Amino acid sequence: MDDGLDGCISPSTSTDSLGLENLENELSNIATTVQTYSAELTPEQTSVLQAFKELLEKEKSKMTPMQQYYCFGTKPGQDTVDNSMLIRYLKARDWDIPKAHKLLTGSLQWYEQTKPYQLSAKEIMKFANGSIFCNGFDKQNRPLVFMVPRAVSSYKDIPSHMKLLIYTLESSIHKMSNGVEQMTWVLDFQECKRKNIPPLQVCKQTLDILSSHFPERLGLALIIFPPAIFSMFFSLVSPFIPPVTKSKIRICKSHKVEDVKNFLEPFVDLTQLEKRYGGSSDETYSHDKFWNSELEWDEKRKKKYEGLVKFD
């Protein structure tokens, strides 16, 4: 009989039996070997960036207005160029211009085919279930994206799940302040059962979208309340996670609220966290309240893209 605890872990469960100790060591070792980048570019990186810009300038006439905006951060007719997008693609490929160009070209094609900017809150709210949403900011003013697998009753409608993911990523980027380039994810596996764990196909698509079309957007991934099957689940998806992404993953092994609070507090102010995470906020995910707020953000996004695209 299903007692509702299938696939879950209690606070008293030994973490050694989960293999989390080995997993934590693996992630720690990766974090010490992955190259990191400062906000300031070296003279060599500046030179590579300039060469990359010159290459793309030659291809600019073949781009749609939206593709140009995606690359250069400016609308047609504007002279100023925002280098942040190009820098992210170069970082994602270790400043190798041919590799960065291939990655960016793939994103531009995907951008035209998928049209993520056309996804609206009015459409997404019809099937959104609270499994992923952007709410609040961390201590570096990066948007907080919460992923809550227990809210998913079925993964049969994968296209809708991917739409929700892409909308959330786009919405998070729109909410970034000037100078902020990344977001922080909080993956909450509390009360998660086997049926809530995303299948490998969903994980692979999610990782492909993040790494191929939103490179260098993830600042940190904080995993809390890992279930008993988490180590096995992670071993399945691990081969598809780039080392740079792995280096940004942190796991709280304890299920005690006080330990979760201490784990999250260095990164997120307690006022931004619900009380079940040890925070001080009384706010919980409310479908109507959250999506009414997103409807307002949608209007702001449309103004941002004025002159570039006609919305459906």
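Residues numbered from 1 in each chain as written. Predicted model: local features only at pLDDT ≥ 70, side-chain atom pairs only at ≥ 80, totals over all residues. Heavy atoms only, no water.

*Asks:* Run through empty space enclosed by the protein, naming residues and quoting values.
*Replies:* Counted under the stated rule, the structure contains 2 cavities of 30 Å³ or more. When its volume is computed, the largest cavity comes out at roughly 480 Å³. In this structure, the largest cavity is lined by 26 residues; those nearest its centre are Met147, Trp185, Leu187, Thr206 and Leu207. Per-class residue counts for the lining of the largest cavity are 22 nonpolar, 4 polar and no charged. Every residue along the wall of the second largest cavity is listed here: Ile132, Phe133, Cys134, Leu164, Tyr167, Thr168, Ser171, Phe290, Trp291 and Glu294. Those elements giving two or more residues to the lining of the second largest cavity turn out to be β1 (132-137), α7 (158-174) and α12 (287-304). For the lining of the second largest cavity, the element with the highest residue contribution is α7, accounting for 4 residues. Across the lining of the second largest cavity, the residue classes break down as 7 nonpolar, 2 polar and 1 charged. (1 Å grid on protein atoms, 1.4 Å probe; cavity = no way out; pocket = protein on both sides within 12 Å on 5 of 7 lines; lining within 4 Å. Points joined across faces, edges and corners; volume = space filled by probe spheres on them. Nonpolar A, V, L, I, M, F, W, Y, C, P; charged D, E, K, R; others polar. Helix = DSSP H or I, 4+ residues; strand = E, 2+ residues; numbered from the N terminus.)

*Asks:* Tell me what's going on with the environment of valine 180, and back it up with residues and numbers.
*Replies:* One can find valine 180 in the loop between α7 and β3 (183-188). By relative accessible area, valine 180 is classed as buried at 14%. On a C-alpha basis, the gap between valine 180 and proline 143 in space is 9.0 Å, while along the polypeptide they are 37 residues apart. Setting aside residues up to four positions removed in sequence, valine 180 forms contacts with Gln140, Asn141, Arg142 and Pro143. (Buried < 20%, exposed > 50% of the residue type's maximum accessible area, 1.4 Å probe, protein only. Contact = heavy atoms within 4.5 Å.)

*Asks:* I'd like a rundown of helix α3 (residues 65-72), residues and numbers included.
*Replies:* Within α3, 7 of the 8 residues are buried, leaving the element largely enclosed by the surrounding structure. Burial in α3 covers these residues: Met66, Gln67, Gln68, Tyr69, Tyr70, Cys71 and Phe72. Along its buried surface, α3 packs onto α2 (43-59), α4 (84-92), α5 (97-114), α8 (200-213) and α12.

*Asks:* Tell me about the pattern of salt bridges, residues and numbers included.
*Replies:* Summed over all chains, the structure comprises 14 salt bridges. A salt bridge links arginine 150 to aspartate 188, with the shortest nitrogen-to-oxygen separation between them at 3.0 Å. Here the residue arginine 150 occupies a position in the loop between β2 (143-147) and α7, and aspartate 188 occupies one in strand β3, the gap between them amounting to 38 residues. The class for arginine 150 is partly exposed, based on a relative accessible area of 23%. A salt bridge links arginine 217 to glutamate 181; the shortest N-O distance between them is 3.6 Å. One end of the pair, arginine 217, is in the loop between α8 and β4 (218-224); the other, glutamate 181, is in the loop between α7 and β3, with 36 residues separating them in the sequence. Arginine 217 gets classed as buried once you look at its relative accessible area, which sits at 9%. (Salt bridge = Lys/Arg side-chain N within 4 Å of Asp/Glu carboxyl O.)

*Asks:* Lay out the sheet that holds β2 in plain terms, naming residues and giving numbers.
*Replies:* Taken in spatial order, the 5 strands of this open sheet run β1-β2-β3-β4-β5, and their pairing is mixed. In the strand order of this sheet, the two ends are held by β1 and β5 (249-251), each with one partner. For this sheet, the mean inter-axis angle between neighbouring strands, taken without regard to orientation, is 25 degrees. Where β1 lies against β2, 4 bridges are found, and the strand directions are antiparallel. Across the sheet, cysteine 134 pairs through a bridge with valine 145, a residue of β2. (Pairing = 2+ DSSP bridges. Axes fitted to C-alpha atoms, helices over the stretch in contact; angles between N-to-C directions.)

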